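# Structural features, examined
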Amino acid sequence: MSRSKYQVLEFRVISQTAEYALRSMVALAAQPNVPMLTRDMAALTKIPSGYLSKVLQSLKRAELVESFHGKGGGFVLSRAAADITLCDVVQAVDPIQRIRTCPLGLPNHGIKLCPLHKQLDNAMKTVEDTLRNITLANLLAQTKQPKPLCDISGE
């Protein structure tokens with residue numbers, strides 16, 4: 001069989017919406033207190049403009065960004081990049097789903113998870129804890145890696 005007949009499965013720890021939210025927040029963090037228009041952010045982050053508008057509205061409701069209208073308007077972070085964690089961003093747009101009860105609804109499992117679901121929940125907790133320990137400022141301060149959202153190192 002040719003390779004084209006197989007569907008490639010993609011496993012995502014976070015949703016596309018959360019990825020877009022993170023990209024947009026990094027873009028804003030890289031230019032603190034400089035309002036950025038949605039169209040400019042869409043071009044920089046490679047996010048469809050209409051989708052980005054919805055993401056930004058969710059981030060605004062979560063009080064992670066502020067918007068200003070008129071000349072010189074746009075979006076800015078509502079607080080310092082050092083005070084915003086990746087977990088804050090993800091939870092604002094598409095919260096990480098933890099397993100609290102048996103996903104199969106088995107009555108004898110209830111809130112006592114089976115080994116499979118307990119381990120899956122532990123993995124999600126690890127993701128949540130990791131994201132909680134990384135701020136936007138941490139990402140921008142990493143110098144030995146490519147700079148976020150830039151094609152050329154050092155730009």
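Residues numbered from 1 in each chain as written. Predicted model: local features only at pLDDT ≥ 70, side-chain atom pairs only at ≥ 80, totals over all residues. Heavy atoms only, no water.

## What to know about the environment of Ala 137
Structurally, Ala 137 can be placed in helix H6 (residues 136-141). Residue Ala 137 is classed as partly exposed on the basis of its relative accessible area of 26%. When the C-alpha atoms of Ala 137 and Ala 29 are compared, they prove to be 7.2 Å apart, with 108 residues separating the residues in sequence. Every residue in contact with Ala 137, bar those within four places of it in the chain, is listed here: Ala 81 and Ala 82. (Helix = DSSP H or I, 4+ residues; strand = E, 2+ residues; numbered from the N terminus. Buried < 20%, exposed > 50% of the residue type's maximum accessible area, 1.4 Å probe, protein only. Contact = heavy atoms within 4.5 Å.)

## Topic: unusual backbone geometry
Positive phi, close to 60°, is recorded for Lys 46, a residue that is not glycine. Looking at the element boundaries, Lys 46 is found in the loop between helix H2 (38-45) and helix H3 (49-61). The exposed category is assigned to Lys 46, whose relative accessible area is 61%. Residue Glu 63 is not a glycine yet carries a positive backbone phi of 60°.

## Quick word on the pairing of strand S1 (residues 65-68)
Only one face of S1 is buried: it carries Val 65 and Ser 67, and the other face, with Glu 66 and Phe 68, is open. As paired elements, S1 and strand S2 (residues 74-77) share four bridges and run antiparallel to each other. Of the residues in S2, the one forming a bridge with Ser 67 is Phe 75. The antiparallel hairpin formed by S1 and S2 contains five residues in its connecting segment, where Gly 70 sits at a positive phi of about 85°. (Pairing = 2+ DSSP bridges.)

## Considerations on the side chain of Asp 121
Along the polypeptide, Asp 121 turns up in helix H5 (residues 115-132). A relative accessible area of 5% places Asp 121 in the buried class. Excluding residues within four positions of it along the chain, Asp 121 makes contact with Arg 98, Ile 99 and Leu 113.

## With respect to the nonpolar core
Residues Met 25, Met 41, Leu 59, Leu 77, Val 89, Leu 131 and Leu 136 are the most contacted members of the largest nonpolar core, which totals 34 residues. Those elements that place two or more of their residues in this core are helix H1 (16-30), H2, H3, S2, helix H4 (86-93) and H5. Sort the elements by how many residues they give to this core and H1 lands first, with nine residues. Excluding residues that lie within four positions of it along the chain, Leu 77 makes contacts with Met 25, Leu 28, Ala 29, Leu 64, Val 65, Glu 66, Ile 84 and Leu 136. (Core = buried A, V, L, I, M, F, W, Y, C linked by side-chain atoms within 4.5 Å.)

## Brief notes about the environment of Val 26
The topology assignment puts Val 26 in helix H1. Residue Val 26 is classed as buried on the basis of its relative accessible area, which comes to 8%. When the C-alpha positions of Val 26 and Leu 136 are compared, they lie 6.2 Å apart, and in sequence the two are 110 residues distant.

## Describing the packing of aromatic side chains
Enumeration over the complete set of coordinates arrives at one aromatic pair. Judged by centre distance (4.9 Å) and plane angle (80°), the ring pair of Tyr 20 and Tyr 51 falls under edge-to-face. Of the two residues, Tyr 20 is situated in helix H1 and Tyr 51 in helix H3; the sequence distance between them amounts to 31 residues. Using a relative accessible area of 11% as the deciding quantity, one classes Tyr 20 as buried. (Phe/Tyr/Trp six-rings, centres within 6.5 Å; stacked < 30°, edge-to-face > 60°.)

## What about the packing of H4 against H5?
Remark: H4 packs on H5, axes separated minimally by 6 Å, with the N-to-C direction vectors making an angle of 120°. The orientation of H4 with respect to H5, classified from their angle, is oblique. Taken together, the residues of H5 that come into contact with H4 (itself represented by Leu 86, Cys 87, Val 90 and Gln 91) are Glu 128, Leu 131 and Arg 132. Residues that form the contact of H4 with H5 fall into these classes: four nonpolar, one polar and two charged. (Axes fitted to C-alpha atoms, helices over the stretch in contact; angles between N-to-C directions. Parallel < 35°, antiparallel > 145°, perpendicular 65-115°, else oblique. Nonpolar A, V, L, I, M, F, W, Y, C, P; charged D, E, K, R; others polar.)

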